[in-house]
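# Descriptive analysis of the structure
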Amino acid sequence: MYLSVCVVFILIGTTLGKKNYLNPGIQTKITQKGLEYGKQVALSFAEQKIQEFPLPEISGTISKFGLKYHITGMRVRSFGVPVSDVGLIPNTGFKSSVEKAYIGISGNWHTIFGLIHDGGTFDLNINDLSAAFIVGVSLDSSRPMITYNDCDATLGDLDLKMYGGGSWFYKMFLDKVKDLIRQIIPKQLCSEFRDRVGKLEDVIQTLRVSWQLDKYVEFDYSLVGEPEITTDFIDFPIKGELYDVQHHMEAPFTAQLFNLSNTTNQMLVVGLSEYSVNTGGFAYFVAGALQFNITNDMIPKDIPFQLNTSSLNFLLPEVAKEYPNLLMKVVMSATKQPIVKLVPGKFSSDVFTAAEVFVILPNNSLAELFLLGITASVSGQVYTSYGKLHGSVSLSRMLLGPLDV
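Residues numbered from 1 in each chain as written. Predicted model: local features only at pLDDT ≥ 70, side-chain atom pairs only at ≥ 80, totals over all residues. Heavy atoms only, no water.

What follows concerns helix α5 (residues 274-286). The end-to-end C-alpha distance of α5, which contains 13 residues, comes to 18 Å, matching closely the 18 Å that a straight helix rising 1.5 Å per residue would cover. Tucked into the core, α5 has its buried residues touching β1 (26-31), β10 (217-220), β13 (241-244), β14 (268-272) and β17 (339-343). (Helix = DSSP H or I, 4+ residues; strand = E, 2+ residues; numbered from the N terminus. Expected span 1.5 Å × (residues − 1). Contact = heavy atoms within 4.5 Å.)

Of the voids in this model, the largest pocket is the one considered here, and its volume is about 770 Å³. Surrounding the largest pocket, 22 residues form its lining, Leu 272, Leu 342, Val 343, Pro 344 and Gly 345 being those nearest its centre. Contributions of two or more residues to the lining of the largest pocket are made by β14, α5, β17, β18 (346-360) and β19 (366-385). Considering only residue class, the lining of the largest pocket consists of 13 nonpolar, 7 polar and 2 charged. Looking at the second largest pocket, its volume works out to about 580 Å³. Along the walls of the second largest pocket sit 21 residues, with Phe 305, Val 330, Ala 355, Leu 372 and Ile 374 positioned nearest its centre. Listing elements by their share of the lining of the second largest pocket, those giving two or more residues are β15 (291-295), β16 (328-334), β18, β19 and β20 (388-402). Of the residues assigned to the lining of the second largest pocket, the class counts are 20 nonpolar, 1 polar and no charged. (1 Å grid on protein atoms, 1.4 Å probe; cavity = no way out; pocket = protein on both sides within 12 Å on 5 of 7 lines; lining within 4 Å. Points joined across faces, edges and corners; volume = space filled by probe spheres on them. Nonpolar A, V, L, I, M, F, W, Y, C, P; charged D, E, K, R; others polar.)

Time to look at the pattern of salt bridges. Opposite charge on two side chains permits pairing when their charged atoms draw close. The tally for this structure, following the rule as stated, stands at 7 salt bridges. Arg 77 serves as the salt-bridge partner of Asp 123, at 3.8 Å between the closest nitrogen and oxygen. Of this pair, Asp 123 sits in strand β6 (residues 116-140) while Arg 77 sits in strand β3 (residues 67-80), and the two are 46 residues apart along the sequence. Given the relative accessible area of 23%, Asp 123 is considered partly exposed. The class for Arg 77 is partly exposed, based on a relative accessible area of 34%. The partner of Lys 239 in a salt bridge is Glu 241, and the shortest N-O contact between them spans 3.9 Å. Neither residue differs from the other here; Lys 239 and Glu 241 are each classed as buried. One network of salt bridges, in which partners are shared, links Asp 220, Lys 239 and Glu 241. (Salt bridge = Lys/Arg side-chain N within 4 Å of Asp/Glu carboxyl O. Buried < 20%, exposed > 50% of the residue type's maximum accessible area, 1.4 Å probe, protein only.)

If you want it as structure tokens, here you go:
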């Protein structure tokens, strides 16, 4: 049960179209190798936490003997899963299973047999528990949805020892009690699993599908289509669009279809499209965030050209003469949204800016000198090495000229 629920968390963690859905801006693919890793994480978590897991009280009647029982205070003493498996079911979800699992449980027993009230403690050792769980994964509006599909559990070898009270008397019914345990525990296990999946689905439906990155933009990571599930991977199509917080304006372009590689050597494959990157540029442009100032204290002292009118003696002697030895300020602002193009392993971008140059007068007011249009093209690459992300950027060309206003 823990294995299945934890794997569901991992599947959802990576997300929060087959009909006429929008094309995704981001695709996230979890492979069988990723599920195997999730299984190991889930088992490790279960082994650490299961002893803290509260076991429910159990009551009932053995009608053949008129014996009423009440089991309380159960706790797990030991737990292990020697054999486990997890895999994807095409167009459905995933299946996890355990075999030869063992678990040791201690607790208190109470009985009513006619007018006789009795009680004591017990040790139960289950040495051959097998279970298989199937969870459906689909789309509910803009969020992933999980559903309980099936559960099957069986008990093999078990050992039960009873202590205290009239336990010597109830040992006569021990075979019947063991048969009862073999019926109760699988049903209880599957019932608990169904409840856990239902509670997890309730939590999923409360999760946000957007995240405000800063004061300017928010990121929409809702699903735009049904998860694609094959025997090798599960693919979540994510909208991956950035919006201006104030206006929430749709970008003037749409996402184009793209496919991720079918590699199964990686646990997780994430594909980022030009659409997602360019919606970010559009959102920041609309929000007026693509603007910054350059002042003289930002320029290293060893660079010959400083933001001082004295540096303009050669280019603009009239300015140097009218405003002698005064500091300058450059206001850079985008005139259009930047355009990014992506190809495998590389990217390029065209940037359109205006540079407005001012003189800082003695009274700290500004006097405009000139306005310059700048179009620049940059290129670069991003790659990973030894588990770290690396990259490089270079300037391909730059055009300077007057700006049409």
